[in-house]
Amino acid sequence: MKIAIVTGASSGMGREFCRIMDNEFDALWIIARRENRLIELKEQLKTPCKIFPLDLAKKESFEVIENALKKENAEVKCLVNCAGFGVFGRYDEVSDQTQQDMIDINVKALVSMCNICLPFMNKGGRIINLCSSSSFFPLAEFNVYASTKAFVSSYSRALSVELKDRKIAVTSVSPGWVETEFFTHAEKNNAKHAPKYYKPMYSTKRVVEKAYKDSKKGKRESICGLFVKTHKILGKLLPYSVANFMWKTELKK
Ligand SMILES: NC(=O)c1ccc[n+]([C@@H]2O[C@H](COP(=O)([O-])OP(=O)(O)OC[C@H]3O[C@@H](n4cnc5c(N)ncnc54)[C@H](OP(=O)(O)O)[C@@H]3O)[C@@H](O)[C@H]2O)c1
């Protein structure tokens, strides 16, 4: 049975990836905490879906997925790691627990999903990891989130080299602001240091369609939009003090 696995399938880009992949595989395995959202998605798709209402901050969740892969003798054709969140605010505005949670989901869960799925992947398999334009340079007042995404960028690039011989492609997707539920969580602290605006705001469909095409072409990176591409170049060219000054002008305080 050839399957695709999507984490963070209950909303935003994860849900959009499922819609784009509908009809392409024998089954979609969809993972997130909100079971009702996963059931809703399953009803909308033509592909049979297996629902995993799991919290990826918990170690035992990965055992559930690994055991299911073994039991069904599934071949993972595509793994999409979308589960993730960010919270704005300075080090003293975001609790230590929330900072640790960001690391658990954005970094540790993503690595575990790759490690669990890779034994079940063959030549032509693909991994899509949701990174972010916030990985382009260190971001004060969004520090832990941006740092987790810098990890995802570096990890995905090196993993794609490690998997070259197995002909498995790894694509790191680095969007700018995308219209999803991300901001509901990101602003939950009412941090003084959140951005004043989110511009340009890209549609979920546009970002995900490009990411999926890029993954099929075996690209290591997917960046949607000239604005975000320019940011990436500036991140490489500008001294950190200048890049940080520019970012700070976008913040409320
Ligand atoms: N939106 C943006 O502007 C933007 C920009 C760049 C990168 N990204 C990245 O894109 C990815 C997708 O985010 P999105 O924009 O689509 O946001 P979203 O709509 O908030 O989706 C996040 C998904 O992650 C899941 N999730 C969060 N914590 C989880 C946990 N503990 N266990 C299992 N699943 C969990 C959520 O499901 P449940 O709540 O149901 O568990 C949800 O399905 C994230 O990695 C995000 O960092 C977003």
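Residues numbered from 1 in each chain as written. Predicted model: local features only at pLDDT ≥ 70, side-chain atom pairs only at ≥ 80, totals over all residues. Heavy atoms only, no water.

With an omega of -10°, the peptide bond between Lys 199 and Pro 200 qualifies as cis. A positive phi is found at Asn 73, a non-glycine position, where the angle reads about 45°. A residue is classified by how much of its surface remains accessible, and Asn 73, at 61% relative accessible area, is exposed. Positive phi is not limited to glycine here, since Glu 141 has a value of about 70°. One can find Glu 141 in the loop between strand E5 (126-130) and helix H5 (143-162). (Buried < 20%, exposed > 50% of the residue type's maximum accessible area, 1.4 Å probe, protein only. Helix = DSSP H or I, 4+ residues; strand = E, 2+ residues; numbered from the N terminus.)

Another aspect to go through is the sheet that holds E5. Pairing within the open sheet is parallel, and its seven strands lie in the order E3-E2-E1-E4-E5-E6-E9. The open sheet is flanked by strand E3 (49-53) and strand E9 (221-222), the only strands paired with a single partner. In this fold helix H4 (residues 96-117) packs onto strand E1 (2-7), strand E2 (27-32), strand E4 (75-81) and E5, with an angle of close to 175° to the strand it touches most, E4. (Pairing = 2+ DSSP bridges. Contact = heavy atoms within 4.5 Å. Axes fitted to C-alpha atoms, helices over the stretch in contact; angles between N-to-C directions.)

To describe a pair of aromatic rings, you give the distance between the ring centres and the angle between the ring planes. In the structure shown here, the tally under the stated rule is 12 aromatic pairs. With a centroid separation of 5.0 Å and an interplanar angle of 80°, the aromatic rings of Trp 177 and Tyr 198 are classed as edge-to-face. With Trp 177 in strand E7 (residues 177-178) and Tyr 198 in the loop between helix H6 (182-186) and strand E8 (201-202), this pair connects stretches of sequence that are 21 residues apart. We classify Tyr 198 as buried; its relative accessible area is 17%. Taken together, the aromatic side chains of Phe 88, Phe 142, Tyr 145, Trp 177, Phe 182, Phe 183, Tyr 198 and Trp 247 make up a single cluster linked through ring pairs. (Phe/Tyr/Trp six-rings, centres within 6.5 Å; stacked < 30°, edge-to-face > 60°.)

We now examine the nonpolar core. The biggest cluster of nonpolar side chains holds 86 residues, and the ones touching the most others in it are Ile 5, Phe 17, Met 21 and Leu 69. Ranked by residues supplied to this core, first place goes to H4 with nine residues. (Core = buried A, V, L, I, M, F, W, Y, C linked by side-chain atoms within 4.5 Å.)

Attention now goes to the pattern of salt bridges. Taken as a whole and judged by the stated rule, the model has 14 salt bridges. The salt bridge partner of Glu 75 is Lys 2, with a shortest N-O separation of 3.2 Å. Of this pair, Glu 75 sits in strand E4 while Lys 2 is found in strand E1, placing the two residues 73 residues apart along the sequence. By relative accessible area, Glu 75 is classed as buried at 15%. The partly exposed category is assigned to Lys 2, whose relative accessible area is 41%. Lys 219 is the partner of Asp 214 in a salt bridge, and the nearest nitrogen-oxygen pair spans 3.7 Å. For Asp 214, a relative accessible area of 2% translates into the label buried. The class for Lys 219 is partly exposed, based on a relative accessible area of 36%. (Salt bridge = Lys/Arg side-chain N within 4 Å of Asp/Glu carboxyl O.)

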